[in-house]
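Chain by chain, the residues:
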Amino acid sequence: MFISRFRVNTARPGARRLLSSPQAMHAAVMSSFPHILPSDSPAPDAPRVLWRLDQQARAEVLLYIVSPDRPDLTHLVEQAGWPAVADPENPGWQTRPYAPLLDRLTAGDRWAFRLTANPVHTVRRKEGEPRKLTAHLTPVHQMGWLLDEERQKRLGLRVCEKPADRRLLPEGTTHHKRPHPGDRYELTVRDTRSLSFSKSRGTDGRRDKPVSVVAVTFEGRLEVTDPDALRRALTQGIGRARAYGCGLLTLAPLAQPARKAP
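Just so you know, these numbers come straight off a predicted model, no measurement behind them.

Participant: Give a description of the nonpolar core that names residues and reports values.
Facilitator: Phe113, Leu187, Phe218, Leu230, Leu234, Leu249 and Leu251 are the most contacted members of the largest nonpolar core, which totals 33 residues. Where this core is concerned, the elements lending two or more residues are strand 3 (60–67), helix 4 (99–104), strand 5 (110–117), helix 5 (139–147), strand 8 (157–159), strand 10 (209–224), helix 8 (227–236) and strand 11 (249–253). Of all the elements, strand 10 adds the most residues to this core, at five residues. Filtering out sequence-adjacent residues up to four positions away, leucine 249 remains in contact with Arg52, Tyr98, Phe113, Arg114, Leu115, Leu157, Leu230, Leu234 and Ile238. Formed by 20 residues, the second largest nonpolar core is a distinct cluster that contains Ala28, Trp51, Leu53 and Trp93.

Participant: Got a sec to walk through the sheet that holds strand 4 (residues 93–97)? Specific residues and values, please.
Facilitator: The sheet built from four strands is open, its strands ordered 2-3-1-4 with antiparallel pairing. The sheet terminates laterally at strand 2 (50–57) and strand 4, the two strands that pair on one side only. Taken pair by pair, the neighbouring strands of this sheet meet at an average axis angle of 20°, ignoring direction. As paired elements, strand 1 (residues 2–8) and strand 4 share five bridges and run antiparallel to each other. If you follow arginine 5 over to strand 4, its bridge partner there is glutamine 94.

Participant: Can you break down the packing of aromatic side chains residue by residue, with the values?
Facilitator: With the rule as written, the count across this model stands at one aromatic pair. Relative to phenylalanine 218, the ring of tryptophan 145 has its centre 6.4 Å away and its plane inclined at 10°; by these criteria the two rings are stacked. Within this pair, whereas tryptophan 145 is found in helix 5, its partner phenylalanine 218 is found in strand 10, the two being separated by 73 residues in sequence. Exposure class is identical for tryptophan 145 and phenylalanine 218. Each is buried.

Participant: Lay out helix 2 (residues 22–30) with the relevant residues and their values.
Facilitator: Among all positions in helix 2, only Pro22, Ala24, Met25, Ala28 and Val29 are buried. Relative to the axis of helix 2, the buried residues are bounded by an arc of 160° and lie together on one face.

Participant: If you had to explain the environment of isoleucine 3 to someone new, which residues and values would you point to?
Facilitator: For isoleucine 3, the position within the fold is in strand 1. A sequence separation of 92 residues divides isoleucine 3 from threonine 95, and the C-alpha atoms of the two residues are 5.7 Å apart. Apart from residues lying up to four places away in sequence, isoleucine 3 is in contact with Ile65, Val66, Gln94, Thr95, Arg96, Tyr98 and Thr250.

Conventions and cut-offs
- Residues numbered from 1 in each chain as written.
- Predicted model: local features only at pLDDT ≥ 70, side-chain atom pairs only at ≥ 80, totals over all residues.
- Heavy atoms only, no water.
- Core = buried A, V, L, I, M, F, W, Y, C linked by side-chain atoms within 4.5 Å.
- Buried < 20%, exposed > 50% of the residue type's maximum accessible area, 1.4 Å probe, protein only.
- Helix = DSSP H or I, 4+ residues; strand = E, 2+ residues; numbered from the N terminus.
- Contact = heavy atoms within 4.5 Å.
- Pairing = 2+ DSSP bridges.
- Axes fitted to C-alpha atoms, helices over the stretch in contact; angles between N-to-C directions.
- Phe/Tyr/Trp six-rings, centres within 6.5 Å; stacked < 30°, edge-to-face > 60°.
- Arc of directions from axis to C-beta.

Purely spatial values, then, with no claim about function.
Structure, rendered in structure tokens:
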């Protein structure tokens, strides 16, 4: 497994085209692996190619890719990077083996995390109608999707709770019947984007299928409860719309508190 980071040159027309179309970005990412054909589908329990866009500032966008094989992003550099300054020692992206992090996972360890996901649920609008897949639209419900106990168990993690002295509402408060999950947990919704695009149905003349995806970026702290399950989540992705920039969970060591001078 490998993890790669590519800085997008947002001033270039090719980059703007990719950033405006999850389907185009997906195609560009998959083109980094020549042995994977467009018709190929990953096995249900196998590691897969995952990607995510992180917007650090208005003009700074990073593309992260987790993949079973080392990618060749030369075409992305030419289309959406800085080809004039690329060289063999600095091709325009960074790729590192993922195994050292995966092998470090131990039950009880705590990490900072970031996840872009597509939180959805099924609803039945009228009696007798089939249930319909619907996106969660509010931060409270989006957080509730990730905080679901069964989901966290399957993912091998537990979102950390805040220490009592950092909670916005002390335990036992009765006037607030529905406390916000962010009051209790080390979890925030950093960004929510509604993506709408057309997905081609094929080459037989049929119209493109409209697709809408709500992509939510979570940040917070987690505790490892099942290292094997968490490794699967890190390499296979979480939830739906993984082909469109959702599902990639990344971890980072927690910052150590500064030591007081003796």
